Amino acid sequence: MLKQDKLSLGIILGLLTPFIAFLLYYFAVFYPKGQSLGDVLTQFKNNSYLIPKIISICLLANGIVFYLYTRKRRDLTARGIFLVTLLYAIVILLLKII
C-alpha cells in the first residue's frame, strides 16, 4: 500500500504522521515523568500558546516522510503530504495570530 503513488495516500500520510509524531513525543518527554496523556492534553488546553509549538515539532515528521517519498519518485504522494503540511502551517499561523 505504501508503494503506491496516489494523492489520497499522501493526504492520509500527511494527516497521520503528525499524530504519530505527537505520540512518540509524548512517550519520549511526558510519559517518563509519569504524566498521563489526558494530563498532557489538559495542560495544552490550559496553555494555548503551547499548541502551535507542539504542532510545529510534529510537522518535522511530515518533512521526513515527504523527503522519503520524493527520493522514491512518488510525486503524487509527496504532493499530498506537502498539501497537508501547508494546511497545518496555515493553522499554526492562525493560532499564533489569535
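These numbers come from a predicted model, not from an experiment.

This paragraph deals with the overall build of the chain. Helix and strand content of the chain: four helices and zero strands. Tracing the chain from N to C terminus, the helices and strands come up as α-α-α-α. Across the 98 residues of the chain, 28% fall into the buried class. If you take every contact in the chain between residues at least 6 apart in sequence, the share linking residues at least 24 apart comes to 67%. Accessible surface, the chain: about 6900 Å² in total, of which carbon and sulfur atoms supply 70%.

Relative to the helices and strands, Thr 17 resides in helix 1 (residues 7–30). Taking relative accessible area as the criterion, Thr 17 reaches 12% and is therefore assigned buried. In terms of polar contacts, Thr 17 uses its side chain to reach the backbone carbonyl oxygen of Leu 13, at 2.6 Å. Not counting residues within four places of it along the chain, the set of residues in contact with Thr 17 comprises Ala 61, Asn 62 and Val 65.

Here we come to the nonpolar core. Listed in full, the nine residues of the largest apolar core are Ala 21, Phe 22, Tyr 26, Phe 30, Val 40, Phe 44, Ile 54, Cys 58 and Ala 61. Mapped by element, the contributors of at least two residues to this core are helix 1, helix 2 (37–46) and helix 3 (50–71). Residue contributions to this core peak at four residues, all from helix 1. Here Ile 54 is in contact with Phe 22, Tyr 25 and Phe 44, once residues within four sequence places are set aside.

Right, let's talk about the environment of Asn 62 for a bit. Relative to the helices and strands, Asn 62 is located in helix 3. Given the relative accessible area of 1%, Asn 62 is considered buried. For the pair Asn 62 and Ala 28, spaced 34 residues apart in sequence, the C-alpha to C-alpha distance is 18 Å. Other than its neighbours up to four places away in sequence, Asn 62 contacts Leu 13, Gly 14, Thr 17, Pro 18, Ile 81, Thr 85 and Tyr 88.

Each α-helix winds once per 3.6 residues, and so residues spaced three or four apart point in a common direction. Between the first and last C-alpha of helix 4 (residues 75–97) there are 33 Å, a value that for 23 residues agrees with the 33 Å anticipated at 1.5 Å per step. Among the residues making up helix 4, those that are buried are Thr 77, Ala 78, Gly 80, Ile 81, Val 84, Tyr 88 and Ile 92. Tucked into the core, helix 4 has its buried residues touching helix 1 and helix 3.

The rules behind the values
Per chain, residue numbering runs from 1 following the sequence as it is written. Note on the predicted model: pLDDT of at least 70 is required for a residue's local features to be given, and 80 or more for side-chain atom pairs to be given and counted; whole-chain, interface and lining totals, by contrast, use all residues. By convention in this description, side-chain values take in all heavy atoms of the structure and omit both hydrogens and water. What counts as a helix is a DSSP run of H or I of at least four residues, what counts as a strand is a run of E of at least two, and both are numbered from the N terminus. Burial classes follow relative accessibility: with a 1.4 Å probe on protein chains only, a residue under 20% of its type's maximum area counts as buried, one over 50% as exposed, and anything between as partly exposed. Residue contacts are counted whenever heavy atoms from the two residues lie within 4.5 Å of one another. Methods summary: accessible areas were calculated by the Shrake-Rupley approach with a probe of 1.4 Å, and residue burial reflects only the protein chains presented. In the analysis that follows, any N or O atom pair within 3.5 Å is treated as a polar contact, provided that within protein one partner can donate a hydrogen and the other can accept it, and provided that, for residues neighboring in sequence, both atoms belong to side chains. Grouping buried Ala, Val, Leu, Ile, Met, Phe, Trp, Tyr and Cys residues that are joined through side-chain atoms within 4.5 Å yields what is termed a nonpolar core. The span one expects for a helix is its residue count, reduced by one, times 1.5 Å.

Any link to function would need more than the numbers given here.
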